[in-house]
Amino acid sequence: MAAAFSLREVLAAFQACVTERREVLLGPYLSGWRGLIRFLHSLGAIFSFISKDAVAKVQIMENYCRGEQREKYVSLQSMVEYELASGVVDLQKRSGHPDSGCRTVLRLHRALRWLQLFLEGLRTGREDSRTSVICTDSYNASLAAYHPWVVRKAATVAFCTLPSRNTFLEIMNVGTAEEAVAMLGEALPYICDVYGITQELFAQHKLLDLP
């Protein structure tokens, strides 16, 4: 049986991500993502179109982190430097390196933006806020731009079946709704920081639009 989602574990992982030199460590990053995937799984099949892809991407990255070149995959910064220098990133079109670390992390990075916006919407919303609206607005501001129309349509229909805001806060497994909101307030700045560093790094190396 899969472990239950714990917001506390996600907080700890993203807290441990960023070093004093503002590098993003891949070990804690992937640990945080495993926690976020448990969050998606706890919501049932609604988010399977995102969670299945995230599971596959995390597995690819874990293989790199355990592989022969694992010392090059300690941080996002070392990975980008190594892969660009080695010519293993398809910059113009997908060809011989469809699963480079840079492309794989970019897909996780885009999904992280959606989750960040969605969780922030849950945190700041009222008790009677419609989670379908929060989720749709977050999706349209992030992942929707990278999905074909048929996926976007299916996603927005699926979001209409989402449970109430309080049910979501219970899923966080940290106590009352108020305690969940407080912990989201603690966790989201760390997730936002990791997202911002990654965005800047990929923009610097013109990696934000990898095919």
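Residues numbered from 1 in each chain as written. Predicted model: local features only at pLDDT ≥ 70, side-chain atom pairs only at ≥ 80, totals over all residues. Heavy atoms only, no water.

Colleague: Break down the environment of Gly 35 for me, citing the residues and quoting the values.
Modeller: Within the secondary structure layout, Gly 35 lies in helix α2 (residues 26-42). Look at Gly 35 and you get buried, because its relative accessible area is 3%. Ignoring anything within four residues of it in the chain, the contact list for Gly 35 reads Phe 5 and Val 10. (Helix = DSSP H or I, 4+ residues; strand = E, 2+ residues; numbered from the N terminus. Buried < 20%, exposed > 50% of the residue type's maximum accessible area, 1.4 Å probe, protein only. Contact = heavy atoms within 4.5 Å.)

Colleague: Go over the nonpolar core with me, naming the residues and quoting the values.
Modeller: Ranked by size, the top nonpolar core spans 65 residues in total, and within it Tyr 29, Trp 33, Phe 39, Met 79, Trp 114 and Met 172 carry the most contacts. The residues contacting Phe 39, other than those within four sequence positions of it, are Phe 5, Leu 115, Phe 118, Leu 119, Phe 168, Ile 171 and Met 172. (Core = buried A, V, L, I, M, F, W, Y, C linked by side-chain atoms within 4.5 Å.)

Colleague: If you had to explain unusual backbone geometry to someone new, which residues and values would you point to?
Modeller: In this structure, Arg 22 takes a positive phi of about 65° despite not being glycine. Structurally, Arg 22 is set in the loop between α1 (7-15) and α2. By relative accessible area, which is 42% here, Arg 22 ends up partly exposed. Although it is not a glycine, Asn 173 adopts a positive phi angle of roughly 60°.

Colleague: I'd like to hear about helix α5 (residues 101-124), residue by residue, with values.
Modeller: With 24 residues, α5 should cover 34 Å at 1.5 Å per step; its first-to-last C-alpha distance of 34 Å lies within 8% of that length. Within α5, 19 of the 24 residues are buried, which leaves it mostly tucked inside the rest of the structure. (Expected span 1.5 Å × (residues − 1).)

Colleague: Can you lay out the packing of α1 against helix α9 (residues 177-204) for me, pointing to particular residues and giving the numbers?
Modeller: Closest axis-to-axis distance for the α1/α9 pair is 9 Å, and the angle between their directions is 30°. The angle between α1 and α9 falls in the class roughly parallel. Our pair here, α1 against α9, has a crossing hand that is left-handed. In contact with Leu 7, Arg 8, Val 10, Leu 11, Phe 14 and Gln 15 of α1, α9 contributes Ala 180, Met 183, Leu 184, Glu 186, Ala 187, Tyr 190, Ile 191 and Val 194. In terms of residue class, the contact of α1 with α9 is made up of eleven nonpolar, one polar and two charged. (Axes fitted to C-alpha atoms, helices over the stretch in contact; angles between N-to-C directions. Parallel < 35°, antiparallel > 145°, perpendicular 65-115°, else oblique. Left-handed = near helix turned anticlockwise from the far one by under 90°. Nonpolar A, V, L, I, M, F, W, Y, C, P; charged D, E, K, R; others polar.)

Colleague: Describe in detail the side chain of Ser 142, supporting the description with residues and values.
Modeller: Tracing the backbone through its elements, the reader meets Ser 142 in the loop between α6 (131-140) and α7 (149-159). For Ser 142, the side chain forms a polar contact with the main-chain oxygen of Ser 138, separated by 2.6 Å. If we skip the residues at most four places from it in the chain, Ser 142 touches Arg 110, Arg 113, Trp 114 and Leu 117. (Polar contact = N/O pair within 3.5 Å; in protein donor to acceptor, adjacent residues only side chain to side chain.)

Colleague: Talk me through the packing of α5 against α6; I want residue IDs and the actual numbers.
Modeller: In the contact formed by α5 and α6, the axes pass within 8 Å of each other and the chain directions differ by 150°. In terms of orientation, α5 and α6 fall into the roughly antiparallel class. The handedness of the crossing between α5 and α6 comes out as right-handed. Contacts between α5 and α6 involve Trp 114, Leu 117, Phe 118, Gly 121 and Leu 122 from the former and Thr 131, Ile 134, Cys 135, Ser 138 and Tyr 139 from the latter.

Colleague: How would you summarise the packing of aromatic side chains if you had to cite specific residues and measurements?
Modeller: How two aromatic rings sit relative to each other is given by the distance of their centres and the angle of their planes. The full count for this structure, using the stated rule, is eleven aromatic pairs. Centre to centre, the rings of Phe 14 and Tyr 29 are 6.4 Å apart; their planes meet at 75°, and the pair counts as edge-to-face. Residue Phe 14 is found in helix α1, and its partner Tyr 29 is found in helix α2; the two are separated by 15 residues along the sequence. Its relative accessible area of 1% is what places Phe 14 among the buried residues. Where Tyr 64 meets Tyr 73, the ring centres are 4.8 Å apart and the plane angle is 10°; that geometry is what we call stacked. When its relative accessible area of 5% is taken as the criterion, Tyr 73 is described as buried. Ring pairing ties together the aromatic residues Phe 5, Phe 39, Phe 47, Trp 114, Phe 118, Tyr 139, Phe 159 and Phe 168, which thus form one cluster. Across from the ring centre of Tyr 146, 3.7 Å away, lies the NZ or CZ of Arg 110, which sits over that ring. (Phe/Tyr/Trp six-rings, centres within 6.5 Å; stacked < 30°, edge-to-face > 60°. Lys NZ or Arg CZ within 6 Å of the ring centre and 35° of its normal.)

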